[in-house]
Amino acid sequence: MNAVSVVVPAFQEEASIVPALERLLTVLEKSGRTFEVIVVSDGSTDKTAQLARELDRAEVRVLEYSPNRGKGHALRHGFAETRFPLVAFIDGDLDLDPVVIPDFLAMIDADQADVVIGSKLHPGSTVSYPMSRRIASWGFRLATRLLIGLNLGDTQTGVKAMRRDAVAPSIEKCTATGFAFDLELLARLVDRKLRVVEAPVVLEYEFTSTVGVSSIIEALHDLVTVARHRRGFGRRPQSEQK
């Protein structure tokens, strides 16, 4: 099995970061893989970074900077520090259960995909979250299809796994710093003909996520920006297309 680096973006997650990391570490230890966990405190002003460090685990590295620059920036920052052939992303709150990560990685090891993304719409998913979040997700998916034409059921669920070497050229080109980073990255990966596969997730809304009205507005703004620039993806230098 290939070793994996797991990047955990976190903003103001002092209430959830310790149990979230403990749950993640338990899953990774049971998987039998060599692993590292990179926590990226994205301009947090609470004890997110301090509490993550106080776990005192050799497998856990904590990065922090100020001010807050958005989830996309945090993921790019963490990805640049990864050391292993496989990389996974999972949000630093308690909503998504990391129990699915070993299955995502196994699909990549078996050469069934270059990238595996969690999807709340997958028939195998176990999902429990408020109607307000369901409506927001539905609206964003509809806008994604209309403006981008990206034929994926769910681009924004915060758990993904990938081959580092396959994804690195696209991540380096991404410009979105907020929640639409996922969307821009996937658009670039699909345009490069990488194999992106959706897989089930376990989501139990714990009311710790920082997604709110301002985050939705930011994501829609980024969505429009991605739509404007996507036509140019195909005109990148040939080296990026490989």
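What counts and how
Residues numbered from 1 in each chain as written. Predicted model: local features only at pLDDT ≥ 70, side-chain atom pairs only at ≥ 80, totals over all residues. Heavy atoms only, no water. Helix = DSSP H or I, 4+ residues; strand = E, 2+ residues; numbered from the N terminus. Contact = heavy atoms within 4.5 Å. Areas by Shrake-Rupley, 256 points an atom, 1.4 Å probe, with all protein chains shown as cover. Polar contact = N/O pair within 3.5 Å; in protein donor to acceptor, adjacent residues only side chain to side chain. Expected span 1.5 Å × (residues − 1). Buried < 20%, exposed > 50% of the residue type's maximum accessible area, 1.4 Å probe, protein only. Pairing = 2+ DSSP bridges. Salt bridge = Lys/Arg side-chain N within 4 Å of Asp/Glu carboxyl O. Core = buried A, V, L, I, M, F, W, Y, C linked by side-chain atoms within 4.5 Å. Axes fitted to C-alpha atoms, helices over the stretch in contact; angles between N-to-C directions. pLDDT = per-residue confidence, 0-100.

Caption draft 1: The arrangement of the overall build of the protein chain in detail. In terms of regular secondary structure, the protein chain is built from nine helices and nine strands. Within the protein chain, contacts between residues separated by at least 24 positions form 78% of all contacts whose residues are at least 6 apart in sequence. Looking at the protein chain as shown, the accessible area adds up to about 11200 Å², and 52% of this sits on carbon and sulfur atoms.

Caption draft 2: Region of the structure containing the side chain of serine 125. Here serine 125 lies in the loop between strand S5 (115-119) and strand S6 (126-128). At a separation of 2.6 Å, a polar atom in the side chain of serine 125 contacts the main-chain carbonyl oxygen of serine 119. Among all residues touching serine 125, those that are not within four sequence positions of it are Ser119, Lys120, Ala199, Pro200 and Val201.

Caption draft 3: View of helix H1 (residues 17-31). Between the first and last C-alpha of H1 there are 21 Å, a value that for 15 residues agrees with the 21 Å anticipated at 1.5 Å per step. Immediately beyond the C-terminal end of H1, within one or two residues, lies glycine 32, with a positive phi of roughly 80°.

Caption draft 4: Representation of the pairing of S5. Within S5, five of the five residues are buried, leaving the element largely enclosed by the surrounding structure. Burial along S5 is two-sided: the face carrying Val115, Ile117 and Ser119 and the face carrying Val116 and Gly118 are both buried. Bridge analysis of S5 against strand S7 (residues 159-163) gives three bridges, and the strand direction is antiparallel. Looking at S7, one finds that valine 115 is bridged to methionine 162. Where S5 and strand S8 (residues 196-200) come together, five bridges link them in parallel fashion. Following the sheet pairing, isoleucine 117 is matched in S8 by glutamate 198.

Caption draft 5: Local environment of helix H7 (residues 181-191). Of all eleven residues that make up H7, nine are buried, and the element is covered over most of its length. A positive phi of about 70° marks lysine 193, the residue just after H7.

Caption draft 6: Quick look at the pattern of salt bridges. If you walk through the whole model with that rule in mind, you get 15 salt bridges. With a closest N to O distance of 2.4 Å, arginine 57 and glutamate 29 form a salt bridge. With arginine 57 in the loop between helix H2 (48-54) and strand S3 (60-65) and glutamate 29 in helix H1, the pair connects residues that are 28 residues apart, well separated along the chain. Classification of arginine 57 by relative accessible area gives partly exposed; the value is 28%. One salt bridge in this structure joins arginine 163 and aspartate 165, with 2.9 Å as the shortest N-O distance. Aspartate 165 gets classed as exposed once you look at its relative accessible area, which sits at 58%. When salt bridges with common partners are traced through the structure, they connect Asp111, Asp114, Arg163, Asp165 and Arg195 into a single cluster.

Caption draft 7: Representation of the environment of phenylalanine 89 in the model. With respect to the helices and strands, phenylalanine 89 occurs in strand S4 (residues 86-90). Along the chain, phenylalanine 89 and leucine 75 lie 14 residues apart, while their C-alpha atoms are 7.6 Å from each other. In this structure phenylalanine 89 touches Val7, Leu75, Phe79, Gly158, Val159, Lys160, Met162, Ile171 and Phe181, once residues within four positions along its chain are discounted.

Caption draft 8: A look at the nonpolar core. Formed by 34 residues in total, the largest nonpolar core has its most connected members in Val6, Leu21, Leu24, Val37 and Val39. For this core, the secondary-structure elements that each account for two or more residues are strand S1 (4-10), H1, strand S2 (35-42), H2, S3, S4, helix H4 (101-109) and S7. Apart from the residues lying within four places of it in its own chain, the contact partners of valine 39 are Val8, Ile17, Leu21, Ala52, Val60, Arg61, Val62 and Leu63. Judged by nonpolar contacts, the second largest core, of 28 residues, contains Ile38, Val87, Leu150 and Val196.

Caption draft 9: Region of the structure containing the sheet that holds S1. Pairing is mixed in the open sheet, where seven strands are placed in the order S3-S2-S1-S4-S7-S5-S8. Every other strand in the sheet has two partners, leaving S3 and S8 as the edge strands with one partner each. For this sheet the average axis-to-axis angle between neighbouring strands, irrespective of direction, equals 20°. Taken strand by strand, helix H6 (residues 164-173) contacts S4, S5 and S7, and its axis lies near 105° from that of S7. H7 contacts S4, S5, S7 and S8 of the sheet and is inclined by roughly 130° relative to S8.

Caption draft 10: Region of interest: the confidence of the model for the protein chain. Here the protein chain averages 85 in pLDDT, while 78% of its residues score no lower than 70. Every residue in residues 234-242 scores below 50 in pLDDT, and together they form ten contacts with partners more than four places removed in sequence or on other chains.

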